[in-house]
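Here are the chains, one letter per residue:
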2 protein chains.
Amino acid sequence: MAKVKKAPRPKAQTPKGFRDYFGSEVSERAEMLRAIAGVYHRYGFEALESSAVETVEALGKFLPDVDRPNEGVFAWQDEDEGWVALRYDLTAPLARVYAQHRNDLPTPYRRYAMGPVWRNEKPGPGRFRQFYQCDADTVGTGSAAADAEICAMLSDTLEVVGIPRGDYLVRVNNRKVLDGVLDFVGIGSDDPIRADVMRTIDKFDKVGEEGVLELLTTGRRDASGAFIDGVGLHIQSAQQIVQYLTQKSVLYGEDVNQARLASMRQAVGNSQIGLEGVSELEEIASLLAAQGYGSDRIVVDSSVVRGLGYYTGPVFEAELTFEILDEKGRKRQFGSVAGGGRYDDLVKRFTGQAVPATGVSIGVDRLLAALREKGRIGGSVQGPVVVTVMDRDRMADYQTMVAELRNAGIRAEVYLGNPKNFGNQLKYADKRNSPVAVIEGGDEKANGVVQIKDLILGAKLAQEATLEEWKERPSQYEVPRGELVAKVKEILTQWA
Amino acid sequence: MAKVKKAPRPKAQTPKGFRDYFGSEVSERAEMLRAIAGVYHRYGFEALESSAVETVEALGKFLPDVDRPNEGVFAWQDEDEGWVALRYDLTAPLARVYAQHRNDLPTPYRRYAMGPVWRNEKPGPGRFRQFYQCDADTVGTGSAAADAEICAMLSDTLEVVGIPRGDYLVRVNNRKVLDGVLDFVGIGSDDPIRADVMRTIDKFDKVGEEGVLELLTTGRRDASGAFIDGVGLHIQSAQQIVQYLTQKSVLYGEDVNQARLASMRQAVGNSQIGLEGVSELEEIASLLAAQGYGSDRIVVDSSVVRGLGYYTGPVFEAELTFEILDEKGRKRQFGSVAGGGRYDDLVKRFTGQAVPATGVSIGVDRLLAALREKGRIGGSVQGPVVVTVMDRDRMADYQTMVAELRNAGIRAEVYLGNPKNFGNQLKYADKRNSPVAVIEGGDEKANGVVQIKDLILGAKLAQEATLEEWKERPSQYEVPRGELVAKVKEILTQWA
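Here the structure is a predicted model, which is why all the values come from computation and not from measurement.

Is there a simple way to explain the relation of the copies chain B and chain A in this structure?
What connects the two chain copies is a rotation about an axis and a shift along it. If you rotate chain B by 180° and push it 0.0 Å along the axis, it lands on chain A with an RMSD of 0.1 Å. What we have between these two chains is a two-fold relation. Judged by C-alpha distance, Trp76(B) is the residue of chain B that lies nearest the rotation axis, at 2.8 Å. When the interface residues of chain B are mapped onto chain A, 100% of them again lie at the interface, so the same face is used by both copies.

Explain unusual backbone geometry here, please?
Trans peptide bonds make up the majority, and among non-glycine residues the majority have a negative phi. All names here are of chain A. Between threonine 107 and the following residue, proline 108, the backbone shows a cis peptide bond with an omega angle of -5°. The backbone of asparagine 433 shows a phi angle near 60°, a positive value even though the residue is not glycine. Looking at the element boundaries, asparagine 433 is found in the loop between α14 (422-431) and β17 (436-439).

Please explain the packing of helix α5 (residues 175-184) of chain B against helix α10 (residues 272-290) of chain B as it appears in this structure.
Each pair of packed helices can be described by the angle between their axes along with the distance between the axes. Residue and element names in this part refer to chain B. Where α5 meets α10, the closest approach of the two axes is 7 Å, and the angle between their N-to-C directions is 150°. The orientation of α5 relative to α10 falls into the category roughly antiparallel. When the axes of α5 and α10 are compared, the crossing they make is left-handed. For the pair formed by α5 and α10, the contact residues are Lys176, Val177, Asp179, Gly180, Val181, Asp183 and Phe184 on the first element and Ile273, Gly274, Leu275, Glu276, Gly277, Val278 and Leu281 on the second. For the contact of α5 with α10, a count of residues per class yields 7 nonpolar, 3 polar and 4 charged.

How should the domain arrangement of chain A be read in this particular structure?
A common way to express how large an interface is: the accessible area buried when the components associate. If you check the domain split of chain A, you get domain 1 (15-139 + 344-378), domain 2 (157-332) and domain 3 (385-495). Averaged C-alpha coordinates put domain 1 of chain A and domain 3 of chain A at centres separated by 46 Å.

Even after reading the chapter, I still don't get helix α4 (residues 144-161) of chain B, so can you show me in this structure?
Along an α-helix, residues three or four apart share an orientation, since each turn contains 3.6 residues. Residue and element names in this part refer to chain B. Taking 1.5 Å as the rise per residue, α4 with 18 residues should run 26 Å; its terminal C-alpha atoms sit 26 Å apart, in good agreement. Burial analysis of α4 places 16 of its 18 residues in the buried class, the great majority of the element. The positive-phi residue at the C-terminal boundary of α4 is glycine 162, with phi of around 120°.

About the criteria used
- Residues numbered from 1 in each chain as written.
- Chains lettered and ligands numbered in written order.
- Predicted model: local features only at pLDDT ≥ 70, side-chain atom pairs only at ≥ 80, totals over all residues.
- Least-squares fit on C-alpha atoms with pLDDT ≥ 70 in both.
- Contact = placed C-beta atoms within 7 Å.
- Helix = DSSP H or I, 4+ residues; strand = E, 2+ residues; numbered from the N terminus.
- Axes fitted to C-alpha atoms, helices over the stretch in contact; angles between N-to-C directions.
- Parallel < 35°, antiparallel > 145°, perpendicular 65-115°, else oblique.
- Left-handed = near helix turned anticlockwise from the far one by under 90°.
- Nonpolar A, V, L, I, M, F, W, Y, C, P; charged D, E, K, R; others polar.
- Domains from an automatic or database assignment.
- Expected span 1.5 Å × (residues − 1).
- Buried ≥ 20, exposed ≤ 12 C-beta atoms within 10 Å, placed from the backbone.

Here it is, written out as structure tokens:
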């Protein structure tokens, strides 16, 4: 008889492009989401958690930057439902939810949502196939006040999570203005190259003025030496577009919004849609000014395009303006952490009726990375107090100690590994970043005392202290058993 | 030319078995998870968030209650990875994470995890294909102290989220004891009917003593009239098993654990594995007693089986003992909200080395339902203050008011719908459950005042008040514009 082959062991690995998050990575994100939810709630937004799985039909073909249906999503065929897929963002599900529940929801409906989304894309360094988004949207109103509110809320949110004023800028543009500019230079809305022009403009931050000019006209050789074809515009049209984009260079100051709006008005000439866009921006700017949001926080900026096909009016982007060093050690601005805009056609897919909507999506992981970069989070996190096990048979005594510590609100645990080697217990405490270890051997038990080791001071002394200091500042204390909690508290307070 | 058919509109619907969560459903769950995380953290557990997607290979065939591989999960074929699937619980991913990162993790590794899991099962009333779990596990120690700690933590957790002592019971058993009993009655561990016996025993809570006796022997006709085949045990063996299970009937009191342990020792006779199981339970009970957890909170109970094939030692279940009315108006106990146990073989699949582990999983949605049942959460939630729009051109004024209110920490919003019909604005405030509406028309603006409507009092008066009371207690106040925030605060405090 043939030998039965054993099944090979499974590989202990996440699928490519997925990752796990440990300890403070998880709790820092939870803390940040809670802070953001607090701001959203104060603005009157209601929480919504839609299902992670949607019918492919409901998701539609609105995946950002992808024009084909269902490209880029994780989809499978369900027995009853036909094709279903994991949501790729939180906006497409909102459109479905609003269409489904519109009779029960207030109008306008302000909602926020936070959670993972999934993209079936090629993973890369720092580019994962599951990541968090945190969105706020107002559905059912075309009022520019709703757009202004989203911008104000975004500004408040960034400050609440720990990005100080001056380190960020919410930039606002309007797709209609760009449409107006293109109309004015003779690229009509039916012109097939219009989409190419949009995509090129969206690269402004990457390739700069010169690069965009080249890409709009005859093409460009990039850093790697590869040649990228141009869109083929006449140089004059391209210059008009770039001139519009580079209003950016107007100096920041008291009247920057006014100056930029005036220059936009010029750039759209007599285009109806363009003039409409400028008016909307004017209204947004004046509402924000009335509430005290100056152009140091929220500013009109013609270079904001946003890749998404579905935006129909105002578009926003929150950019962090402080510099970081990139992987090659070069300084660069941290860049975008949130974006959004007005999309008036998403619900219409379901109901046939246009439902105006506007919203913003915060890239949670990018924002966390920024806070780490600024040193706001991610320092070394203190572990629990570790009660060591000197006598295996007295586990109940040690458990009683941790129970006392926990009841006093102190994070604490008993060492649960094999207690035979005491060194291993201290190594464990070290790996857990424990501030304090508690020791009660037979002698201590007999004398009614415990030994308390200040591990932080111990580590400091081991590194820096002279023999004198070592003697003067012992890092281990013997206290009566009844004073365990008080002494541990004293040590922890000192290092808090 | 044939007419181009328009694509039909997509249906605005979640896939079957999935649902959306709105407003306080979301925030109450978030609050509960935060409270649970607080307890877990205090016990020294570290957060872990593993990816939602795993390779099918890594998930294995450990889906509870299903013996075939990959049955019951949502799986699809990835271009690079072969088959991948959504996690169906948080334990299988933990085994994968521990195997993958074991060199970087402390041993023992205490971790908690919370998040949605997905089951490809037939949905039913209250039975969804996506739901939340909240787990805590200790990997890398076989110590009964780890099991005891999980039970203590579970007890603390239930009290922290709002289940008072006396309304819950953590019941502890040991699979080895049951194995011992079966050994003792002559059903060896290789006997193919053993699994059937286990499954039958797990139905004890549903069918009772008589039912289990019937099912273990000749079979039983259920309430619907259908006949369920029996396992075919001899009546004497079945009685021995049922006698072991019904130790449950020992009265609660000072020595219930001691009495039950003694009776278990009898029931396993000379079975080695059985005696081992009883010793482990004794150790757990004595550790818990030392920490002050009496049998009113955590109790040895031979009727706990847990369906999962992978448990190898102690098993736990948290049961809510208060009564609710079922859909037919009959009283019944609320039942199980959490369960777990020791599983020593999960990591071995990956590494070949046995890694002992123990843990618990809280059914978050069940626990939320219990809190709602007890009236601890889910009351009517106050909405935001609504600033109405009397004059469309003065949106900036209204926005300034909400900005002031928000800066004072008050949840507030401007009405963003079409302001033409003032009645609609008040209907909106009503739908939002707003406590206060603010009104500033042209006259008010000219006189430097605002009208503040106490909507809660207004609703009360409309329902109950006599004309006298109505006159005496106006529900609308005119105050100077500068006193807007103070007056709103005063009203809110009154209704807090």
